[in-house]
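# Results of the structural survey
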Amino acid sequence: MGETPRALEYEDGIVWTEDIDRFDYVRQTVELFVSTRRRPVPWTGSGRRVGYAVLRLDAPAGDEPGRFIRRVFWVKNYDRSEQQPDGTYERTAPSEAVDPRTVAPGVWGDLTERAWGAPLPEA
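For the structure given in this document, a descriptive report is provided here.

When you line up the elements, Arg80 lands in the loop between strand 4 (68-75) and strand 5 (97-98). Within polar-contact distance, the side chain of Arg80 engages the side chain of Asp24 at 3.1 Å. A distance of 2.9 Å separates the side chain of Arg80 from the backbone oxygen of Tyr89, its partner in a polar contact.

The following block contains the structure:
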């Protein structure tokens, strides 16, 4: 996930559509062409959307008129939270993973030991 600073600039809140206590990690993605500032971000990607950022009412459009830059949080069916505790991400996490407890409006989520499933590797 490339950090796009403009995605955070006008965030007003984070809406979780599922209880984040059941997730060690969620995937964080920046959508560049969302047609609304506050309504749910449509999700056509693989997996299931579990949250999204909402923008302030004065948030300007992105590079395309009437389109806004917003974060979306999602999981895939083979993620640890989806009945796959011993699966691919038992002791790792996908590259776009963040601990949902570290997500806040205007703040990138962090990869924590909880999200990783083990002590973080040395950088």
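That covers the picture; the talk isn't over yet.
Before going further, it helps to spend a moment on the pattern of salt bridges. Using the criterion set out here, one finds 14 salt bridges in the structure. With a shortest N-O distance of 3.0 Å, Asp12 and Arg38 are connected by a salt bridge. Placement of Asp12 in strand 1 (residues 11-16) and of Arg38 in the loop between strand 2 (26-34) and strand 3 (48-55) is noted, with a sequence separation of 26 residues between them. What makes Asp12 partly exposed here is its relative accessible area of 43%. Of the charged contacts in the structure, one is a salt bridge between Asp24 and Arg80, with a shortest N-O distance of 3.1 Å. Of this pair, Asp24 sits in the loop between strand 1 and strand 2 while Arg80 sits in the loop between strand 4 and strand 5; the two residues are 56 residues apart in sequence, bridging distant segments of the chain. Arg80 sits in the buried class, given a relative accessible area of 11%.

This paragraph deals with the environment of Thr29. Inspection of the secondary structure assignment puts Thr29 in strand 2. On the basis of relative accessible area, Thr29 is assigned to the buried category, the value being 18%. With 25 residues separating them in the primary sequence, Thr29 and Thr4 have C-alpha atoms 9.8 Å apart. The residues contacting Thr29, other than those within four sequence positions of it, are Arg70, Arg71, Val72 and Trp74. Within the structure, the side chain of Thr29 is placed 2.6 Å from the side chain of Trp74, a separation counted as a polar contact.

Conventions adopted
Counting from 1, residues in each chain are numbered in the order their sequence is written. Reporting of local features is limited, given that this is a predicted model, to residues whose pLDDT is at least 70; pairs of side-chain atoms are given and counted only at 80 or more, and all residues count toward the totals for whole chains, interfaces and linings. To obtain the side-chain values, all non-hydrogen atoms of the structure were used and water was disregarded. Secondary structure counts use DSSP, requiring at least four H or I residues in a row for a helix and at least two E residues in a row for a strand, with both numbered from the N terminus. By the criterion applied in these results, polar contacts are pairs of N or O atoms within 3.5 Å in which, for protein atoms, one can donate a hydrogen and the other can accept it, and in which residues neighboring in sequence qualify only through two side-chain atoms. Criterion for a salt bridge: a side-chain nitrogen of Lys or Arg within 4 Å of a carboxyl oxygen of Asp or Glu. Each residue gets one of three labels from its accessible area relative to the maximum for its type: buried under 20%, exposed over 50%, partly exposed in between, using a 1.4 Å probe on protein chains only. Should any heavy atoms of two residues lie within 4.5 Å, those residues are considered in contact.

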